[in-house]
Amino acid sequence: MIKFLDLQKINNQYSEKLIEAATEVINSGWYLLGKQVEKFEENLENFQKGGNAIAVANGLDALRLIFKAYIEMGIMNEGDEIIVPANTYIASILAITDNNLVPVLVEPDLETYNLDINLIEKNITSKTKAIMVVHLYGRVCWHEKFEYLAEKYNLKIIEDNAQAIGGSWNNIKTGNLGDAAGFSFYPGKNLGALGDSGAVTTKDIELEKIIRALANYGSAQKYVNQYQGLNSRMDEIQAAFLNVKLNFLNSETQQRRKIASFYLNNIKNDKITLPSETIEDEHVWHVFIIRTDDREKLQSYLIENEIQTLVHYPIPPHKQVCYPQMNALSLPVTEKIHREVLSLPISPVMTIEEVKKIVEVLNKY
Ligand SMILES: *Cc1c(COP(=O)(O)O)cnc(C)c1O
């Protein structure tokens with residue numbers, strides 16, 4: 001079976017270094033808020049070429065903390081509206097609703113699967129405080145118009161960069177495009193820890209200070225609590241793993257791009273819609289999705305041929321049981337995408353034989 005994502009194989013490449021890193025942390029006797037996390041923040045800042053990084057417990061917390069900090073700063077208030085793509089992973093929306101802010105779901109376009117730039121302005125009201133851009137599937141979601149709208153309506157731009165670390169637009173890295181960004185290092189992400197981890201990046205020093213305190217019980221000084229914070233810290237052991245793996249992210253991204261380009265050039269089947277062309281820097285191929293009318297049939301055909309696929313994602317956020325207030329919304333593009341997408345295996349450890357086999361099997365379908 002060709003696995004959708006072989007995490008064991010991915011991490012085995014670095015096992016010696018990972019064991020060394022873990023041993024160092026175990027022997028240090030220091031497991032939180034220590035030098036591994038400090039080092040990781042510095043490494044991430046260097047990778048990003050700008051901004052300040054705050055290591056946190058996971059990607060959802062990274063996004064939650066950004067909104068929470070803007071509320072503490074008085075920039076956002078309960079009930080304010082946040083524009084967000086309807087086609088996203090549920091965490092983008094949870095980060096908004098968790099802070100009693102109101103998500104305004106905007107349709108993506110079928111070309112990029114990201115926010116439809118032409119639909120944003122008509123969704124802006126006097127209550128809109130931010131646009132959350134999600135670089136979904138690893139494809140950069142950016143346009144000059146975001147900056148224009150942010151300026152015109154005094155909005156913050158928050159990037160959900162969980163899927164697109166390493167991508168860039170005009171040489172600016174994702175995570176540096178807006179006012180603040182959330183990163184996820186969930187094991188299956190392009191930079192994956194061996195457990196949960198996340199980070200925020202921002203150039204805003206005041207925001208950074210507040211997020212740092214909020215992630216540590218709302219305390220910047222031990223036993224002095226300025227905010228009602230959370231416990232959302234990155235473990236030293238995860239930071240140590242990430243310090244090893246970050247060194248290989250660029251070469252892994254190149255591997256992903258090679259596989260994506262092979263798929264794009266060689267999959268030829270009228271029943272399958274491929275992702276549209278994009279500038280190389282603007283896609284890190286977190287997932288490679290295709291669309292088809294009868295997904296279940298294609299998925300079982302692939303399983304019969306020993307190829308595992310996944311669906312990102314089968315149910316859109318507005319149709320989830322946890323959001324009854326959104327269930328009646330009609331978002332046809334989003335619903336179509338959720339009905340038709342199928343994610344092919346793509347990872348830095350796939351062999352060319354595996355990739356060729358997948359193409360061959362798809363072309364015979
Ligand atoms: C993974 C992901 C998150 C959440 O990250 P976790 O580390 O799993 O909490 C948020 N947004 C998107 C788009 C994601 O893919």
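Just so you know, these numbers come straight off a predicted model, no measurement behind them. (Residues numbered from 1 in each chain as written. Predicted model: local features only at pLDDT ≥ 70, side-chain atom pairs only at ≥ 80, totals over all residues. Heavy atoms only, no water.)

J.: Please explain the overall build of the protein as it appears in this structure.
T.: Looking only at helices and strands, the protein features 12 helices and 11 strands. For the protein, whose C-alpha radius of gyration is 20 Å, the value lies close to the compact-globule estimate of 21 Å for 365 residues. Across its three principal directions, the C-alpha atoms of the protein cover 65 × 55 × 40 Å. Going through the 365 residues of the protein one by one, you find that 56% of them count as buried. Across the protein, contacts joining residues at least 24 apart in sequence account for 70% of those joining residues at least 6 apart. Per element, the accessible surface of the protein, about 16,200 Å² overall, is 50% carbon and sulfur. When the 37 positive and 47 negative side-chain charges of the protein are each reduced to one mean point, those points stand 2 Å apart. (Helix = DSSP H or I, 4+ residues; strand = E, 2+ residues; numbered from the N terminus. Rg over C-alpha atoms; globule rule 2.2 N^0.38 Å. Buried < 20%, exposed > 50% of the residue type's maximum accessible area, 1.4 Å probe, protein only. Contact = heavy atoms within 4.5 Å. Areas by Shrake-Rupley, 256 points an atom, 1.4 Å probe, with all protein chains shown as cover. Lys, Arg positive; Asp, Glu negative; His and termini not counted. Charge placed at Lys NZ, Arg CZ, Asp CG, Glu CD.)

J.: Sorry, what's going on with the site of the ligand here?
T.: Around the ligand sit 13 residues, and of these Gly59, Asp160, Gln163, Ser184 and Lys189 come closest. At 2.7 Å from a nitrogen atom of the ligand is found a side-chain nitrogen or oxygen belonging to Asp160. Between the ligand and the protein, one listed contact pairs an oxygen atom with a side-chain N or O atom of Ser184 at 2.6 Å. In the complex, the protein chains occlude 91% of the 380 Å² of accessible area that the ligand would expose alone. For the shell around the ligand, the residue count by class is seven nonpolar, four polar and two charged. (Near = heavy atom within 4 Å. Polar contact = N/O pair within 3.5 Å; in protein donor to acceptor, adjacent residues only side chain to side chain. Nonpolar A, V, L, I, M, F, W, Y, C, P; charged D, E, K, R; others polar.)

J.: Any chance you could explain the side chain of Asn243 here in plain terms?
T.: Residue position: Asn243 is located in helix 8 (residues 236-245). Classification of Asn243 by relative accessible area gives buried; the value is 11%. A polar side-chain atom of Asn243 sits 2.8 Å from a polar atom in the side chain of Asn43. Residues in contact with Asn243, not counting those within four places in the same chain, are Gln36, Lys39, Phe40 and Asn43.

J.: Got a minute to help me understand the pattern of salt bridges in this structure?
T.: One side chain can pair with another of opposite charge once the charged atoms of both are near each other. Per the counting criterion, the structure on display carries 12 salt bridges. One salt bridge in this structure joins Arg212 and Glu41, with 3.2 Å as the shortest N-O distance. Taken together, the positions of Arg212 in helix 7 (residues 205-214) and Glu41 in helix 3 (residues 35-48) put the pair 171 residues apart, joining distant regions of the chain. When its relative accessible area of 10% is taken as the criterion, Glu41 is described as buried. For Glu121, the salt bridge identified is with Lys152, shortest N-O distance 2.9 Å. Highlighted residues: Glu121 in the loop between strand 3 (102-106) and strand 4 (128-134) and Lys152 in helix 6 (residues 144-153), separated in sequence by 31 residues. (Salt bridge = Lys/Arg side-chain N within 4 Å of Asp/Glu carboxyl O.)

J.: Would you mind going over the sheet that holds strand 3 with me for this structure?
T.: Across the sheet, which stays open at both edges, the seven strands sit in the order 1-9-8-5-4-2-3 with mixed pairing between neighbours. Unpaired on one side and paired on the other, strand 1 (52-56) and strand 3 mark the two borders of the sheet. The sheet shows a mean angle of 20 degrees between the axes of neighbouring strands, taken without regard to direction. For strand 4 and strand 5 (residues 156-160), the ladder comprises five bridges, and the chain directions are parallel. What sits directly across from Ala130, in strand 5, is Lys156. (Pairing = 2+ DSSP bridges. Axes fitted to C-alpha atoms, helices over the stretch in contact; angles between N-to-C directions.)

J.: Help me understand helix 3 in this model?
T.: Residues lying three or four places apart along an α-helix face the same way, a consequence of the helix completing one turn every 3.6 residues. With 14 residues, helix 3 should reach 20 Å at 1.5 Å per residue; the first-to-last C-alpha distance of 20 Å fits that figure. Buried within helix 3 are the following residues: Gln36, Val37, Phe40, Glu41, Asn43, Leu44, Phe47 and Gln48. The arc enclosing the buried residues of helix 3, seen along the axis, measures out at 165 degrees, which places them on a common side. More than 90 degrees from the buried face of helix 3, the exposed residues found are Lys35, Glu38 and Asn46. Of the residues one or two after helix 3, Lys49 is the one with positive phi, at around 55 degrees. (Expected span 1.5 Å × (residues − 1). Arc of directions from axis to C-beta.)

J.: Just checking my understanding: could you explain a nonpolar patch on the surface for this structure?
T.: Taken together, the side chains of Tyr31, Leu32 and Leu33 present a nonpolar region at the surface, about 280 Å² in accessible area. Along the chain, the position of Leu32 falls in the loop between helix 2 (15-28) and helix 3. We classify Leu32 as partly exposed; its relative accessible area is 31%. (Patch = residues over 30% accessible without salt bridge, like charges linked within 9 Å, V, L, I, M, F, W, Y side chains within 5 Å.)

J.: What is the right way to look at the environment of Leu329 in this model?
T.: With respect to the helices, strands and loops of the structure, Leu329 is situated in the loop between helix 10 (295-304) and helix 11 (332-340). The class for Leu329 is partly exposed, based on a relative accessible area of 37%. The spatial distance from the C-alpha of Leu329 to the C-alpha of Lys319 is 8.3 Å, given a sequence separation of 10 residues. Excluding its chain neighbours within four sequence positions, the residues that come into contact with Leu329 are Leu105, His318, Lys319 and Glu335.

J.: Would you take a moment to explain helix 7 for this structure?
T.: Every buried residue belonging to helix 7 is among Leu207, Glu208, Ile210, Ile211, Ala213 and Leu214, and all of these are buried. As for helix 7, its buried residues are in contact with strand 1, helix 4 (59-72), strand 8 (180-184) and strand 9 (198-202). A side-chain oxygen of the first residue of helix 7 lies 3.1 Å from the backbone nitrogen of Glu206; this N-cap is Asp204.

J.: Sorry if this is basic, but what is going on with the packing of aromatic side chains here?
T.: By convention here, two paired aromatic rings are described through the distance between centres and the angle between planes. Applying the stated criterion across every chain yields a total of nine aromatic pairs. Ring centres of Tyr14 and Phe248 lie 4.4 Å apart, and the angle between their planes is 20 degrees; this geometry places the pair in the stacked category. Note that Tyr14 is positioned in the loop between helix 1 (7-12) and helix 2 and Phe248 in the loop between helix 8 and helix 9 (249-266), a separation of 234 residues in sequence. Residue class for Tyr14 comes out buried when judged on its relative accessible area of 7%. Since its relative accessible area comes to 24%, Phe248 is described here as partly exposed. Each ring, one from Tyr113 and one from Tyr137, has its centre 5.9 Å from the other, and the planes form 75 degrees; the classification is edge-to-face. Taken together, the residues span a long stretch of sequence, with Tyr113 in the loop between strand 3 and strand 4 and Tyr137 in the loop between strand 4 and helix 6 at a distance of 24 residues. For Tyr113, a relative accessible area of 4% corresponds to the buried category. (Phe/Tyr/Trp six-rings, centres within 6.5 Å; stacked < 30°, edge-to-face > 60°.)

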